[in-house]
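One-letter residues, chain by chain:
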Amino acid sequence: MTNDKSVYLIEGLKQEYAGRVVVDVERLEIRAGEIFAIVGPSGAGKSTLLRLLNFLELPTRGQVVYQGQVVNGSLPIETRRQVTTVFQRPVLLRASVRENVAYGLALRRQLADGRVDEILARVGLSSLANAPAHKVSGGEMQRVALARALVIEPHVLLLDEPTANLDPYNVGLIEKIVREHNRARGTTIVLVTHNVFQAKRLARRVGLMLNGRVIEVGDAQQFFDAPNDPRTAAFVRGEMVY
Amino acid sequence: MNELTRGFFQAIQLIFSADPALYEIIFLSLRVTGLALLISALIGIPTGATLGLSRIRARGLVTALLYTGMGLPPVVVGLFVYLMLSRSGPFGVLGWLFTPSAMIVAQLIIAFPLVAGLTMTAVQGVDPALRVQVRSLGATRWQEMWAVLREARLGVVAAIVAAFGGIISEVGAVMLVGGNIEGKTRVLTTAIVLNTRTGEFSLALALGIILLALAFVANVAMMRLQGNDK
């Protein structure tokens with residue numbers, strides 16, 4: 001059974017590369033308006049799962065249902081455009097910060113009106129609006145990537161290790177923007193991270209992935225304070241789990 | 001050294017002499033090279049971009065052919081075009097032999113592999129993650145291709161510069177298919193050959209200096225295009 005407010009329902013999902021199973025999820029539901037964190041060590045299949053949720057790949061087996069539509073090769077562009085990802089290593093266009101932020105609007109043939117300036121102010125980049133995007137710092141680059149994703153007002157925002165390798169200032173700023181955006185707009189956010197503390201700070205529900213499988217999903221408090229699975233408990237304690 | 005000095009001053013005199021014959025040669029050189037470059041860019045850039053982005057099986061073979069084409073001896077191209085356009089050739093009915101059209105075709109064949117091959121290399125040099133990220137932002141396939149091409153624009157301009165340099169200075173092919181006919185198919189390079197053969201070294205040098213100056217101005221203009229993006 002799906003919840004009425006489900007954004008995604010994943011069933012029997014398998015993704016294989018050259019015969020190797022990298023994602024094997026029996027069932028997973030992501031609810032509208034929540035911040036759902038997927039934690040797990042590197043190589044657990046978290047990023048692949050995000051690519052499937054962003055329709056960037058089609059599953060080898062099983063299905064992803066998005067807003068009641070089974071995701072396949074003929075998903076309308078309007079539907080695809082409801083979901084976007086902020087990647088761990090953003091690749092920006094060789095253009096100004098402003099042009100990068102306005103890029104998603106240009107793709108939709110929308111005017112880069114006051115929205116671009118407003119979002120630049122929110123991510124603290126107004127003073128760098130006309131600077132070449134490839135010359136800003138790593139933290140600023142990630143904020144440009146976040147701004148270009150937020151400006152198109154996606155229904156679902158996928159965050160793939162968005163603060164890995166960033167300094168505490170940028171980590172704090174990005175988390176604050178994400179939290180505020182979720183509260184103000186009700187945007188569904190799926191956060192992939194290996195940082196349990198970040199998941200604890202941001203997410204309402206959390207899932208643990210290991211070797212492509214979802215081991216446990218629960219409300220954040222239960223997940224961190226009273227996990228059902230010993231592997232979750234070990235991961236939360238910061239022990240290496242494979 | 002005297003010849004060089006004389007050639008330099010004669011070049012300046014020639015430029016300001018308003019000699020219609022000289023300007024005709026310069027304009028024909030620019031027209032033939034410009035059109036060949038334009039057509040090769042219109043075909044070569046999309047070809048290079050498609051090859052750079054696609055995963056077709058024959059890509060290796062096509063790439064090898066393009067790289068071979070980049071080293072084609074112009075005189076061989078001239079011979080090929082000559083045979084194609086001669087009366088007995090398959091395109092003889094066009095009547096293009098010894099006309100600027102034949103010269104454009106020959107230069108197009110020389111320029112195309114350069115533009116397509118170097119564009120392909122430039123496109124392949126763009127971070128592959130960019131494609132995924134623009135698709136994630138909602139780009140269609142065409143928008144995705146355009147984004148990659150935009151990112152590769154420095155390399156694409158370099159491809160055009162290389163092709164321009166290759167054909168503006170080329171003599172073998174245009175000589176064969178154009179015939180170096182005065183007032184009709186004489187361009188700077190063929191005029192230099194002619195004047196050298198007739199012992200008019202200063203004039204040949206002067207024309208060479210004009211040719212170099214034209215190439216320099218065109219390259220500076222294209223470098224400025226690149227420079228704006230740095």
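Residues numbered from 1 in each chain as written. Chains lettered and ligands numbered in written order. Predicted model: local features only at pLDDT ≥ 70, side-chain atom pairs only at ≥ 80, totals over all residues.

A. Geometry of the interface of chain A and chain B. Contact residues are listed per partner, giving 18 residues for chain A and 15 residues for chain B. Elements with a minimum of two residues in the side of chain A that touches chain B: α2 (77-80), β6 (83-86) and α3 (97-107) of chain A. Top element by residues in the side of chain A that touches chain B is α3(A). It accounts for three residues. For the side of chain A that touches chain B, the class distribution of residues is eight nonpolar, four polar and six charged. (Contact = placed C-beta atoms within 7 Å. Helix = DSSP H or I, 4+ residues; strand = E, 2+ residues; numbered from the N terminus. Nonpolar A, V, L, I, M, F, W, Y, C, P; charged D, E, K, R; others polar.)

B. Here's a closer look at the packing of helix α4 (residues 74-85) of chain B against helix α5 (residues 100-124) of chain B. All names here are of chain B. Contact geometry of α4 with α5 gives a least axis separation of 9 Å together with a crossing angle of 135°. In terms of axis orientation, α4 runs oblique to α5. At the point where α4 passes α5, the crossing takes the right-handed sense. Residues P74, V77, G78, V81 and L85 of α4 pack against A102, V105, A106, I109 and I110 of α5. Its residues placed into classes, the contact of α4 with α5 shows nine nonpolar, one polar and no charged. (Axes fitted to C-alpha atoms, helices over the stretch in contact; angles between N-to-C directions. Parallel < 35°, antiparallel > 145°, perpendicular 65-115°, else oblique. Left-handed = near helix turned anticlockwise from the far one by under 90°.)

C. Main features of the pairing of strand β7 (residues 156-160) of chain A. Residue and element names in this part refer to chain A. Most of β7 sits out of view: five of its five residues are buried. The side-chain alternation of β7 yields two buried faces, one formed by V156, L158 and D160 and the other by L157 and L159. Both β6 and β7 contribute to a ladder of four bridges, which runs parallel. Paired with T85 across the two strands is L158, which belongs to β7. In this structure, β7 lies alongside strand β8 (residues 188-193), joined through five bridges in parallel fashion. Bridge pairing in β8 links D160 to V192. The handedness of the β7 to β8 crossover, carried by helix α6 (residues 168-185), is right-handed. (Buried ≥ 20, exposed ≤ 12 C-beta atoms within 10 Å, placed from the backbone. Pairing = 2+ DSSP bridges. Right-handed = clockwise from strand over helix to strand, strands pointing away.)

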